[in-house]
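If you want the building blocks of each chain, they are given just below.
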Amino acid sequence: MSAGKITFTLDGRVAEAVEGETIFQAAERAGVEIPRLCYQEGMRPDGNCRACVVEVKGERTLAPSCCRAVTPGMEVQVQSERALKSQKMVLEMLLSDMPDTGYKWSETEESLQHGELSEWAARMEVSVRPELKALRREQPIADMSHPAMAVNLDACIQCNRCVRACREEQVNDVIGYAMRGAHSEIVFDLNDPMGDSTCVACGECVQACPTGALMPKTQVGSQVVDKKVDSVCPFCGVGCLVTYKVKDNKIISVDGRDGPANHGRLCVKGRFGFDYAHSPQRLTKPLIRKEGVAKDPSALQDLNRSSNGWSEVFREASWEEALGLAAGGLKNLRDTRGKKSLAGFGSAKGSNEEAYLFQKLVRTGFGSNNVDHCTRLCHASSVAALLEGVGSGAVSNQVSDVAHAELIFVIGSNPTSNHPVAATWMKNAAKRGAKIVLADPRVTDIGKHAWRTLQFKADTDVAMLNALIHAVIDEGLVDHDFISKRASNYQALRENVKGYSPEAMAPICGIQANTLREVARAFATAKGAMILWGMGISQHVHGTDNARCLIALSTVTGQIGKPGSGLHPLRGQNNVQGASDAGLIPMMFPNYQRVDNAAAHSWFENFWDTKLDDKPGYTVVEIMHKALAPDSDPHKVRGMYIMGENPAMSDPDLNHARHALASLELLVVQDIFMTETAWLADVVLPATAWPEKTGTVSNTDRMVQMGRQAIDPPGEARPDLWIIQQLASRMDLQWHYPGEHSGVAVVYEEMRQAMHAAIAGITWERLERESSVTYPCLSADDPGQSTVFTENFPTPDGRVKLVPADIIPAAERPDADFPFVLITGRQLEHWHTGSMTRRATVLDALEPMATASLCGSDLLTLGVLEGEVITVRSRRGEVVIRVRRDDGTPQGAVFIPFAYYEAAANLMTNAALDPFGKIPEFKYCAVAVVRGGELTAVAGYRRAAGRVA
């Protein structure tokens, strides 16, 4: 017998089990199936259904195989007369209580109307005796109060899978098991209707339910589907693997797949936000602005979004006409006004291949490096600091590595809303004993699981972080061995933080000195301490300095380059990481090779066989400034090509950005909806949604993952990759990418050559086979490096470079006229500018209107009741919006999500830039808040339904 293996007898034959393995697991491996209902792989076994009982020699009672460990010499009978009789009895008794009409019919056979229970009964040849049916329980009334899920507890077998899914997997603590004996039942909170409970609609319970007692409403009825397609979630950067269930070319539901980032888990957007692809507002034909129709950016707030509203501004066109006008106009501007007159915004919501080809088009076709995407608006400062300090813009450790951390430092991030599945790993770690420290001006939901909460004053990040570094040095907790071998510039950092003692910084940041010292000690002495941050760190004029401080804190404590430690900027969109890796940024070629580096420049000129610009291009905000530059400016931007981005909603100081877009001589927009940006376009090109395309994306964990086409696009919508190639052809570029899906595999292989140092071992064939591979991955047999910097850093000297940071105040401070601070961000149900999620039926129903969050004391001072209307005004613009009470929002601050066009938060935000990352200061500007105002009449995209065709 080999080490760690146990020999036992299974149904009279010698079998082998791994030490610690259950009878059930060992039997499954040996090819012996045992019925099960309460068991689900990945969950803690509970043993309550008793469908999996087996006979163990010498024992009086039957044993539940799912939670009974194998011991040496054990003799197990799975199919003895006694075991089979008991298994069948359990199935029959449970079936006898089932309703006559089922909810979770089999995906292949409608006769199996009670899901797994019916399937096991059929396999075990179990039928229900009439006398047992006569004793059927009194059936509970259905609960249809939730927009996404139906609750039919007449089909409940009380297996507790939903309870474990909610409380132990997702750690949402909504579903419980109440009462006793025959009166026991599944409840939500304090026996509330599901729709009135604190449910966050992650849907983990419906995925876990074996009988359909909990079901997505879209799946109630026949479950027979045409196909199931494996893909990747199109929303946040966590990169959850999913399976689309498709019927009649429509996605009817989504299941979480056992991917390395999610292991079957999903959030409300991933599970229920899929029907945006079927919205009647999809663009289905190319559109051209009617001659003589002016662009009026001031009218965007009052757009006619009805079924034919677009026809007042645009006319339908053929693809040949639209592409000819778009490419011809861009080419003419390039040739007559100069190469700097054009710019492109690519998308982090598309594939790696699209991002790669888009930046290649701008660089080789437009002739400049004026190409950017939304990373400029989310993590540009984080990337700038990481490239400077550790030589890589990606994360050092994956989110799931929090399982190995003793301390988890979450700063400037609201993971339960923005990265919900990633948040589950943090909550799981906290339940196992890890200490979560939440550092944020707002106390968000993850604070319920925190060991310490550092609610620092907005804009004082550097003061607080330098105080932590000071405490580490002052108390002799520095990892000197790590510093001496693997860091540079430590003395400069040490000198700089001398004036930042916790005692001196306490009044500035609002955190008591003893608390700062306690957290610093815990961080430095933890076996593993991991930092995860979001846009609360990056979206400031001092965002790069914030990230420099986080790098320094990890370095001086030696908390990097090992499991359960390191630096992780949580990425906001599904392909922010991949789009940046692929070169969709103005100062970098693919794989972060600077355009002004002579060697890199020469390599790409040879690779693309084209003369390239050797000067960095303009960033998102700079391009907007250049669009409004005087005609005498030789670098004035006159034409733009925007793919899948919505700067008329996402840029800061929207009045300025919209004016810039409207002033362009030519604006070509490629999207799936008539976004605010598309309304200002000259040519609108209808593209494919994520479920309608095949391609790869790279998540926040550095995993390159395969997405597969599940449905056909509507009307004449075409793949983004095809559209880019058509424009390139008309701009005289000799590209050739043959093959399926517009040659996506060929484009990927070209991109792999351009990024050889990172993804050399990740071939297209490997991705088709494995779906997800972590980089760096340098050979075909390399599994990928989940933790990097274990021995050295990819810097010129192999060391992390420590960069001291001092306090730089926000570009705009509150005063008597504007006494509040505006903080913007995302919320759980909606994403980015809302163009997709607000057209998703369930998501719109759950969160249909824009709200501004203020604490109770500020509401009292303003004389405003929750739900009333207020006007929030900055020096740049104003919105009228309803109030939501949130005591996690600090006094003197107002939080507004930026997904609502009718209350666009970015009308007010400040376009002041971080000097290093060139990222705008979204997270801080001065506003006034007054009671009253007139709400915009239109309340949501979905209510203004109508196909743009």
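Please refer to the structure higher up on the page.
Residues numbered from 1 in each chain as written. Predicted model: local features only at pLDDT ≥ 70, side-chain atom pairs only at ≥ 80, totals over all residues. Heavy atoms only, no water.

Draft legend 1. A look at the overall build of the chain. From N to C terminus, the chain includes 30 helices and 39 strands. For a compact globule of 949 residues, the expected C-alpha radius of gyration is about 30 Å, and the chain comes in at 29 Å, within 12% of that figure. With the C-alpha coordinates of the chain rotated into their principal frame, the extents come out at 95 × 70 × 65 Å. When each of the 949 residues of the chain is scored for burial, the buried share is 64%. Taking the intrachain contacts of the chain between residues at least 6 apart in sequence as the baseline, contacts between residues at least 24 apart amount to 72%. Charged side chains in the chain number 99 positive and 114 negative. The centres of these two groups are separated by 1 Å. (Helix = DSSP H or I, 4+ residues; strand = E, 2+ residues; numbered from the N terminus. Rg over C-alpha atoms; globule rule 2.2 N^0.38 Å. Buried < 20%, exposed > 50% of the residue type's maximum accessible area, 1.4 Å probe, protein only. Contact = heavy atoms within 4.5 Å. Lys, Arg positive; Asp, Glu negative; His and termini not counted. Charge placed at Lys NZ, Arg CZ, Asp CG, Glu CD.)

Draft legend 2. Just the packing of helix α25 (residues 720-730) against helix α26 (residues 740-754), in detail. Between α25 and α26, whose axes approach to 8 Å, the crossing angle comes to 85 degrees. Classified by the angle their axes make, α25 and α26 are roughly perpendicular. Only His741, Ser742, Val744 and Val747 of α26 make contact with α25, whose side of the interface consists of Leu721, Trp722 and Gln725. Taken together, the residues of the contact of α25 with α26 break down into four nonpolar, three polar and no charged. (Axes fitted to C-alpha atoms, helices over the stretch in contact; angles between N-to-C directions. Parallel < 35°, antiparallel > 145°, perpendicular 65-115°, else oblique. Nonpolar A, V, L, I, M, F, W, Y, C, P; charged D, E, K, R; others polar.)

Draft legend 3. Here's a closer look at the nonpolar core. Judged by nonpolar contacts, the single largest core of 104 residues is most densely connected at Tyr276, Ile408, Tyr641, Leu685, Ile759 and Ile762. Counting residues in each nonpolar core, the second largest holds 57 residues, with Val437, Leu454, Ile473 and Leu493 among its members. (Core = buried A, V, L, I, M, F, W, Y, C linked by side-chain atoms within 4.5 Å.)

Draft legend 4. Region of the structure containing helix α10 (residues 380-389). Within α10, seven of the ten residues are buried, which leaves it mostly tucked inside the rest of the structure. Within α10, burial applies to Ala380, Ser381, Ser382, Val383, Ala385, Leu386 and Gly389. Elements that come into contact with the buried residues of α10 comprise β21 (529-533), α18 (535-538), α19 (543-556), β22 (566-569) and β31 (800-801). Looking one or two places after α10, you find Gly391, whose phi comes out positive at around 80 degrees.

Draft legend 5. Highlighting helix α5 (residues 161-169). Burial runs high along α5: seven of the nine residues are buried. For α5, the complete set of buried residues consists of Arg161, Cys162, Val163, Arg164, Ala165, Cys166 and Glu169. Buried residues along α5 sit against α3 (115-123), β7 (175-178), β8 (185-188), α6 (204-208), β9 (214-216) and α12 (420-431). With its phi angle positive at about 55 degrees, Val171 sits one or two positions after the end of α5.

Draft legend 6. Structural context of the environment of Lys457. Here Lys457 shows up in the loop between β19 (452-454) and α13 (461-474). With 433 residues separating them along the chain, Lys457 and Pro890 place their C-alpha atoms 8.3 Å apart. In contact with Lys457, other than residues within four places in its own chain, are Pro507, Ile508, Cys509 and Gly510. Here Pro507 takes part through its backbone oxygen, which lies 3.1 Å from a polar atom of the side chain of Lys457. (Polar contact = N/O pair within 3.5 Å; in protein donor to acceptor, adjacent residues only side chain to side chain.)

Draft legend 7. A look at the pattern of salt bridges. Enumeration according to the criterion identifies 60 salt bridges in this entry. Two residues, Lys349 and Glu645, come together in a salt bridge whose shortest N-O distance is 3.6 Å. Taken as a pair, Lys349 in the loop between β15 (342-345) and α9 (352-366) and Glu645 in the loop between β25 (639-643) and α23 (647-650) lie far apart in primary sequence, 296 residues in all. Comparing Lys349 with Glu645, the two get one shared label, buried. Asp633 is the partner of Lys626 in a salt bridge, and the nearest nitrogen-oxygen pair spans 2.8 Å. The same class applies to Lys626 as to Asp633, namely buried. When salt bridges that share partners are traced, they join Asp474, Glu475, Glu503, Arg517 and Arg521 into one network. (Salt bridge = Lys/Arg side-chain N within 4 Å of Asp/Glu carboxyl O.)

Draft legend 8. Molecular detail of the sheet that holds strand β10 (residues 227-232). Taken together, three strands build an open sheet; the order of strands is β10-β11-β12 and the sheet is antiparallel. Where the open sheet ends on each side, the last strands, each with one partner, are β10 and β12 (250-256). On average, each strand axis in the sheet is inclined to that of its neighbour by 30 degrees, with strand direction left out of account. (Pairing = 2+ DSSP bridges.)

Draft legend 9. Structural view of the pairing of strand β27 (residues 683-686). Side chains Val683 and Leu685 of β27 all project onto a buried face; the interleaved residues Val684 and Pro686 project onto the opposite face, where all are buried too. Judged from the two bridges that link them, strand β13 (residues 287-289) and β27 form a sheet pairing that is antiparallel. Looking at the pairing, Ile288 lines up with Val683 of β27.

Draft legend 10. Here's a closer look at the pairing of β21. With five of its five residues buried, β21 lies for the most part within the structure. Across the two faces of β21 the burial is the same, with Ala529, Ile531 and Trp533 and Met530 and Leu532 all buried. Judged from the five bridges that link them, strand β17 (residues 407-411) and β21 form a sheet pairing that is parallel. When the bridges of β21 are listed, Val410 appears paired with Leu532. With four bridges connecting them, β21 and β22 associate as parallel partners. Considered in β22, the bridge of Trp533 is made with Pro569.

Draft legend 11. Structural detail: the packing of aromatic side chains. Inspection of every chain in the model, using the stated rule, returns 17 aromatic pairs. Ring geometry for Trp603 against Phe604: centres 4.9 Å apart, planes inclined by 75 degrees, an arrangement best described as edge-to-face. For Trp603, a relative accessible area of 38% puts it in the partly exposed group. Assessed through its relative accessible area of 0%, Phe604 is described here as buried. A connected cluster of aromatic rings, assembled from ring pairs, spans Tyr356, Phe589, Trp603, Phe604, Phe607 and Trp608. One Lys or Arg, Arg123, reaches over the ring of Trp120 and ends 4.1 Å from the middle of that ring. (Phe/Tyr/Trp six-rings, centres within 6.5 Å; stacked < 30°, edge-to-face > 60°. Lys NZ or Arg CZ within 6 Å of the ring centre and 35° of its normal.)

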